[in-house]
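Now for the letters of each chain:
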Amino acid sequence: MPSSTVLLFGDQTGDVLPSIKELSKISKQNHSLSGFLRKSTDRLRDAITNLPLEGTHPHSDFPFFDSPWELAESTAVKDGHRVPPALSAALLCISQLGELIV
């Protein structure tokens, strides 16, 4: 029987901003991480663009961004230093997967 690997990520209640910021810095010298963050940015843009126009966060509420860090920082400042929960969950996944790449 082939062996399998299980990845278990920890606490999901912490502040994701410091981790995303650090990954952004590291990505300048890590091509694999840079590519991952670039693709993550593209997927986040796609997801935001496909949000319904009505609701609490229509896609027009999100600023243009070139990286997960820019999105996290700008939404945190806009929402009183708190990243909206759905966005925080997506950024947490990016952060944890980014840590694996590093």
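Residues numbered from 1 in each chain as written. Predicted model: local features only at pLDDT ≥ 70, side-chain atom pairs only at ≥ 80, totals over all residues. Heavy atoms only, no water.

A few points about the overall build of the protein chain
Here's step 1: The secondary structure content of the protein chain amounts to four helices and zero strands.
Here's step 2: In the protein chain, the succession of helices and strands from N to C terminus is α-α-α-α.
Here's step 3: Counting every position in the protein chain, which comprises 102 residues, the buried fraction comes to 34%.
Here's step 4: Once local pairs closer than 6 in sequence are excluded, the contacts in the protein chain between residues at least 24 apart make up 58%. (Helix = DSSP H or I, 4+ residues; strand = E, 2+ residues; numbered from the N terminus. Buried < 20%, exposed > 50% of the residue type's maximum accessible area, 1.4 Å probe, protein only. Contact = heavy atoms within 4.5 Å.)

A few points about a nonpolar patch on the surface
Here's step 1: Nonpolar side chains collect at one region of the surface, where L7, F9, L97 and L100 lie side by side and expose about 350 Å² of accessible area between them.
Here's step 2: Relative to the assigned elements, L97 resides in helix α4 (residues 85–101). (Patch = residues over 30% accessible without salt bridge, like charges linked within 9 Å, V, L, I, M, F, W, Y side chains within 5 Å. Areas by Shrake-Rupley, 256 points an atom, 1.4 Å probe, with all protein chains shown as cover. Salt bridge = Lys/Arg side-chain N within 4 Å of Asp/Glu carboxyl O.)

Considering the confidence of the model for the protein chain
Here's step 1: The predicted model of the protein chain averages 81 in pLDDT, with 78% of residues at 70 or higher.
Here's step 2: For the protein chain, the element scoring lowest by mean pLDDT is helix α3 (residues 68–78), at 78; helix α2 (residues 31–49) scores highest, at 92. (pLDDT = per-residue confidence, 0-100.)

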